[in-house]
Amino acid sequence: MTDPRLLLLHPGDTVFVLRDQIAAGEMILVDGAQVRVQQGLGLGHKIARLAVAPGDRVVKYGAPIGRASRAIAPGDHVHTHNLASDYTPTHQRGGAMA
Amino acid sequence: MKGWLRTDGRKGIRNHVAVAYLVECAHHVARRIAGEDGHLIGFPGCFPNPYAQRMMERLCTHPNVGAVVLVSLGCESFDRQALESVVRASGRPCLTVVIQATGGTAASIAMGRAFVAQQAAALLLAPVVPMTPADLVVGTVCGGSDGTSGITGNPAAGIAFDKLVAAGVACIFEETGELIGCEDVMEARAATPALGAELRASVDKAARYYATLGYGSFAAGNADGGLTTIEEKSLGAYMKSGQSRISGLLKPGDQPPRGGLYLLDVVPDGEVRFGFPNISDNAEIVEMMACGAHCTLFVTGRGSVVGSALAPVVKIAANPHMFARMAGDMDVNAGAILTGSATLEQVGQQIFDRVIGLAQGQTTASEDLGHREFILTYKTFDPIGPACLPGVG
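Residues numbered from 1 in each chain as written. Chains lettered and ligands numbered in written order. Predicted model: local features only at pLDDT ≥ 70, side-chain atom pairs only at ≥ 80, totals over all residues.

### Thoughts on the overall build of chain B
- Helix and strand counts for chain B stand at 15 helices and 14 strands.
- The C-alpha atoms of chain B give a radius of gyration of 20 Å, which matches the 21 Å a tight globule of 393 residues would have.
- The C-alpha extent of chain B, read off along each of the three principal axes, is 60 × 45 × 45 Å.
- Looking at chain B as a whole, 60% of its 393 residues are labelled buried.
- Considering only residue pairs separated by 6 or more positions, chain B has 73% of its internal contacts joining residues 24 or more positions apart. (Helix = DSSP H or I, 4+ residues; strand = E, 2+ residues; numbered from the N terminus. Rg over C-alpha atoms; globule rule 2.2 N^0.38 Å. Buried ≥ 20, exposed ≤ 12 C-beta atoms within 10 Å, placed from the backbone. Contact = placed C-beta atoms within 7 Å.)

### Some words on the overall build of chain A
- In terms of regular secondary structure, chain A is built from zero helices and nine strands.
- Taken from the N to the C terminus, the helices and strands of chain A come in the order β-β-β-β-β-β-β-β-β.
- In terms of overall dimensions, chain A is globule-like: its C-alpha atoms have a radius of gyration of 13 Å, near the 13 Å expected for 98 residues.
- Here chain A, with 98 residues, has 40% of them falling under the buried criterion.
- The contacts of chain A with a sequence gap of at least 6 include a subset with a gap of at least 24, amounting to 43%.

### Brief notes about the interface of chain B and chain A
- Residue-level contacts link 26 residues of chain B with 28 residues of chain A.
- Those elements that place two or more of their residues in the side of chain B that touches chain A are α8 (193-213), α9 (220-224) and α10 (230-238) of chain B.
- The leading source of residues in the side of chain B that touches chain A is α10 of chain B, at four residues.
- Of the residues contributing to the side of chain B that touches chain A, the split by class is 12 nonpolar, 11 polar and three charged. (Nonpolar A, V, L, I, M, F, W, Y, C, P; charged D, E, K, R; others polar.)

### Remarks on the sheet that holds strand β7 (residues 63-68) of chain A
- Strand order in the open sheet formed by three strands is β6-β7-β9 (chain A), with antiparallel pairing between adjacent strands. Sheet topology places β6 (57-60) and β9 (83-84) of chain A at the edges, where each strand pairs with a single neighbour. (Pairing = 2+ DSSP bridges.)

### Quick notes on the nonpolar core
Residues and elements named next belong to chain B.
- Judged by nonpolar contacts, the single largest core of 145 residues is most densely connected at Val 19, Ala 20, Val 69, Val 71, Ile 172, Ile 316 and Ile 351.
- Per-domain counts for this core show at least three residues from each of domain 1 (2-129) and domain 2 (133-388).
- Look past the residues within four positions of Ile 172 in its chain and what remains in contact with it is Val 137, Gly 139, Leu 250, Pro 256, Tyr 262, Leu 264, Met 288, Cys 291 and Ala 293. (Core = buried A, V, L, I, M, F, W, Y, C linked by C-beta atoms within 7 Å. Domains from an automatic or database assignment.)

### Structural notes on the pairing of strand β12 (residues 295-300) of chain B
All names here are of chain B.
- Of all six residues in β12, six are buried; the element is thus mostly enclosed.
- Burial along β12 is two-sided: the residues Cys 295, Leu 297 and Val 299 and Thr 296, Phe 298 and Thr 300 are all buried.
- Two strands pair when backbone bridges link them, and strand β8 (residues 137-142) and β12 are joined in this way by five bridges, in the parallel orientation. The residue of β12 that forms the bridge with Thr 140 is Leu 297.

### A short note on the environment of Ser 202 of chain B
- Tracing the backbone shows Ser 202 of chain B in helix α8.
- For the pair Ser 202 of chain B and Leu 249 of chain B, spaced 47 residues apart in sequence, the C-alpha separation works out to 8.9 Å.

### A word on helix α5 (residues 105-124) of chain B
All names here are of chain B.
- In this model α5 runs 28 Å from its N-terminal to its C-terminal C-alpha over 20 residues, within 8% of the 28 Å that 1.5 Å per residue would give.
- Listed in full, the buried residues belonging to α5 are Ser 108, Ile 109, Gly 112, Phe 115, Val 116 and Gln 119. The arc enclosing the buried residues of α5, seen along the axis, measures out at 140 degrees, which places them on a common side. Seen from the buried face of α5, the exposed residues on the opposite side, beyond 90 degrees, are Ala 106, Ala 114, Ala 121 and Leu 124.
- Against the buried residues of α5 lie β3 (16-21), α1 (27-34), β4 (38-42), β5 (65-72), β6 (94-98) and α4 (99-102). (Expected span 1.5 Å × (residues − 1). Arc of directions from axis to C-beta.)

### What to know about the packing of α1 of chain B against α5 of chain B
Residue and element names in this part refer to chain B.
- As a packed pair, α1 and α5 sit with axes 8 Å apart at the nearest point and diverge in direction by 35 degrees. The two elements α1 and α5 cross, and the hand of that crossing is right-handed. In this structure, α1 uses Val 29, Arg 32, Ile 33 and Ala 34 to contact α5, whose residues at the interface are Thr 105, Ser 108, Ile 109, Gly 112, Arg 113 and Val 116.
- Looking at side-chain class alone, the contact of α1 with α5 contains five nonpolar, three polar and two charged residues. (Axes fitted to C-alpha atoms, helices over the stretch in contact; angles between N-to-C directions. Left-handed = near helix turned anticlockwise from the far one by under 90°.)

### With respect to the domain arrangement of chain B
Residue and element names in this part refer to chain B.
- Domains assigned within chain B are domain 1 (2-129) and domain 2 (133-388).
- Listed as interface residues are 23 residues of domain 1 and, on the opposing side, 19 residues of domain 2.
- The leading source of residues in the side of domain 1 that touches domain 2 is helix α2 (residues 50-60), at six residues.

### What about the environment of Val 165 of chain B?
Residue and element names in this part refer to chain B.
- As for its placement among the helices and strands, Val 165 is situated in helix α6 (residues 153-166).
- Residue Val 165 is classed as buried on the basis of its C-beta count, with 22 C-beta atoms lying within 10 Å.
- If we ignore the near neighbours within four places in the chain, the residues touching Val 165 are Cys 171, Ser 244, Gly 259, Gly 260 and Leu 261.

### What to know about unusual backbone geometry
- The backbone of Asp 31 of chain A shows a phi angle near 50 degrees, a positive value even though the residue is not glycine.
- Relative to the helices and strands, Asp 31 of chain A is located in the loop between β3 (27-30) and β4 (33-36).
- Overall, Asp 31 of chain A belongs to the partly exposed group, with 14 C-beta atoms counted inside 10 Å.
- Unusually for a residue other than glycine, Leu 310 of chain B sits at a positive phi of about 70 degrees.
- By secondary structure assignment, the location of Leu 310 of chain B is in the loop between β12 and β13 (313-317).
- Residue class for Leu 310 of chain B comes out buried when judged on the 24 C-beta atoms lying within 10 Å of it.

### Description of the confidence of the model for chain B
- On average, residues of chain B carry a pLDDT of 95, and 100% of them reach 70 or more.
- What the predictor reports for the complex is a pTM of 0.93 with an ipTM of 0.91. (pLDDT = per-residue confidence, 0-100.)

### Thoughts on the sheet that holds β6 of chain B
Residue and element names in this part refer to chain B.
- The four strands lie next to each other as β4-β3-β5-β6, forming an open sheet whose pairing is parallel. Two strands close off the open sheet at either side, each with one partner strand: β4 and β6. Going across the sheet, the axis of each strand differs from the next one's by a mean of 20 degrees, ignoring polarity.
- Pairing of β3 with β5 involves six bridges; the strand directions are parallel. For Val 17, the partnering residue across the bridge sits in β5 and is Ala 67.
- Packing of α2 onto the sheet brings it into contact with β3, β4 and β5, and relative to β3 it is tilted by some 160 degrees.

And the structure:
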């Protein structure tokens, strides 16, 4: 069982996409496991479906979208803090690069 | 469907007076000349640039343009005589106002305004001819993307593209800098292996170009909306191309020779110069128009409000929350796919109907709101190679 707000785009994906917002502190089901969401997440953000070791590929649409820059556990928010491009670094406000 | 027949055989779905400034110094005068009746376009640079010259020639003879005013300060490098001969050869009425030779700002505005008023009145009475989908060129871009763009608006635009291609329309997708990571899947869709190699090379060029500049085609708002890497944004953007076979590779100003699906290579050739390839979304829309696009599909998740001079922009909202806030700026709500009130197929059909409707008297939200954005900057391109348009020539 997985929270209906989590959308799986492709069977090979390591992430779900949020089809609605999730509030900070909410407990959600990820493949049968209860996981607490640490921060509020908006529509379109990604939550890990599978664990990914640092340096391994994160997959969405059935295709790699970069590599884990640190260990990712199921239920984690997957974003610039734990995922990096194989091509060009992602520029963020304030000058940080991820 | 009805349109205005031009001497080159193309048909326009609008009949606008284009008012073009040929250097920034003529911008104010041109804006006053255009007023509400004319569509303002132009090139701000004073140094010559063959790309800008070609773009202005293509735009002033765009099928949606019925008459042209060129506004020159007088001392800029732009070759106004060459542009005027191209416009005149197309059979369009053309007035060139040279501010330094006309007695300055007030006299130039008066001269230009009289011509615009006269042409606008004449264009209202111009006869129309029947049009079919095979007469249409349609572009697609995405801007202000978020994590919803790639799962609602872009795949819905892709379905619309499949339907349009099947109806004989020439469809163009673009921004090779936002196809980084899609080389393999895209190459496999090419009509010929040699074209496939050209498609791959265009994305490799974009990756090198952006690597030199230090930034990918990725804005801070993309990350706020849940996108993390350029390849993730690319895979979402790629969905706009649909499933059709890819018939060719174009560069800005090249017209598709027949119906089908084409990739537009927007990244300059040669060493990196003049800065970022397209500094904002309208630069991409302008290049679509230079390829003859009668209208452009624009998918947005964060909520872009832009339209365009000359050619209507169909705005497709990818994010249902944004649509709820900005419905007045949007033409299609693809966010309905996430809330369950419409399927991808239904939204794809809505977009298709919206495009056909533009040649039946319908207008877009951005046209109704008066949006007529336009931007053109310096670039350098080599001509496309023989493998780019298989079966032509």
